[in-house]
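Spelled out, the chains give:
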Amino acid sequence: MAVIEAGSVTAAADLLHITQPAVTRLVKELESAVAMPLFERVKGRLVTTREASLFYEAVKRSFLGLDKLLQTAEDIRELRMGTLRIAAMPALALGCLPRVIRRLSRRFPEAKVSLQIRSSEKIMDWVSSQQFDLGFAAIQTPHPAVVQEVLLEASLVAVLPPGHALASRPQLSVQDFADEAFVSVGNEVGLRQKIDAVFTAAGVDRHLTIDTQLSAAVCGLVLEGAGVALVEPVTADDYRGRGLVVRPFHPRIPFSYSVLFPKLVPRSRLARDFLVLVQDELAVGPGAPEQ
């Protein structure tokens, strides 16, 4: 794999004392033999794929026979080898993503998966520095080293304790929460300002009894009867099965979940397949939020 060691087709040609077209042809022949892409062209230069790095390490560790090399290539191609590093906001990491990881592990039992949970801002930092293969966050601020794609566009939902007087209503409005004990996300969370602005504009007073950073904690407190709340819908859906009452809320307060990728690192097949499973979970899973 002279291209990897030399860093470019030109340098590999010099190293091997052959022409650049010959190197290009050899690369194409190798990709055909192992039946997977080994390089991607990014801004005019070849960038090694994750699969190529795994294959290269297998070659470098020992001088393997052709049959063994082809078997290694098949293992990588069929995801029997490989590691997936995921960073995620708690709203997805505490419910949705574990279910998806279980599905991925059943399909590819030899694949190694790491899931780290942090704030959206920290996830952006991690992905931009290429510490993770992909990240899941609620953030709209662009970053030059990150590709950001909308995973799901939704709205905040109202959550109530079981048996609450408002539970009989199919949809709740800002006026319904007048003088209600209200559990809110903390001041350090940008969503808090959006929620407060809606009630201020409507001139509706709440009893702001408790605040906390995580939507899961908000749902847990509401479930225990501490008050009512507005939260993002994926976490609310996770708690619905525990008895939490979930209702649409008007006026609409938008909330977007995004998936982040390092811009200069080609996406591995494992990352691409995982994202498809996440999209499937959010789109057709039980009680999936409306898009």
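Just so you know, these numbers come straight off a predicted model, no measurement behind them.

Participant: Help me get a handle on the overall build of the protein, residues and values and all.
Facilitator: What the protein contains, in helices and strands, is 12 helices and 13 strands. In the protein, buried positions account for 46% of the 291 residues. Within the protein, counting contacts between residues at least 6 apart in sequence, those at least 24 apart form 70% of the total. For the protein, the accessible surface area stands at approximately 14600 Å², while carbon and sulfur atoms represent 52% of it.

Participant: Account for the packing of aromatic side chains, naming residues and giving values.
Facilitator: Per the stated rule, a full pass over the model turns up eight aromatic pairs. Judged by centre distance (4.9 Å) and plane angle (70 degrees), the rings of Phe255 and Tyr257 are edge-to-face. What makes Phe255 buried here is its relative accessible area of 11%. Within the aromatic cluster, the residues linked to one another by ring pairs are Phe177, Phe182, Phe199 and Phe249. The ring centre of Phe182 lies 4.6 Å from the NZ or CZ of Arg206, which sits over that ring.

Participant: Give me the lowdown on the environment of Asp211, citing residues and values where you can.
Facilitator: Tracing the backbone shows Asp211 in strand β10 (residues 207-212). What makes Asp211 partly exposed here is its relative accessible area of 46%. Spatially, the C-alpha atoms of Asp211 and Gly186 are 5.0 Å apart, while their sequence positions differ by 25 residues. When residues no more than four places from it in sequence are discounted, the contact partners of Asp211 are Ser184, Val185, Gly186 and Arg192.

Thresholds applied
Residues numbered from 1 in each chain as written. Predicted model: local features only at pLDDT ≥ 70, side-chain atom pairs only at ≥ 80, totals over all residues. Heavy atoms only, no water. Helix = DSSP H or I, 4+ residues; strand = E, 2+ residues; numbered from the N terminus. Buried < 20%, exposed > 50% of the residue type's maximum accessible area, 1.4 Å probe, protein only. Contact = heavy atoms within 4.5 Å. Areas by Shrake-Rupley, 256 points an atom, 1.4 Å probe, with all protein chains shown as cover. Phe/Tyr/Trp six-rings, centres within 6.5 Å; stacked < 30°, edge-to-face > 60°. Lys NZ or Arg CZ within 6 Å of the ring centre and 35° of its normal.

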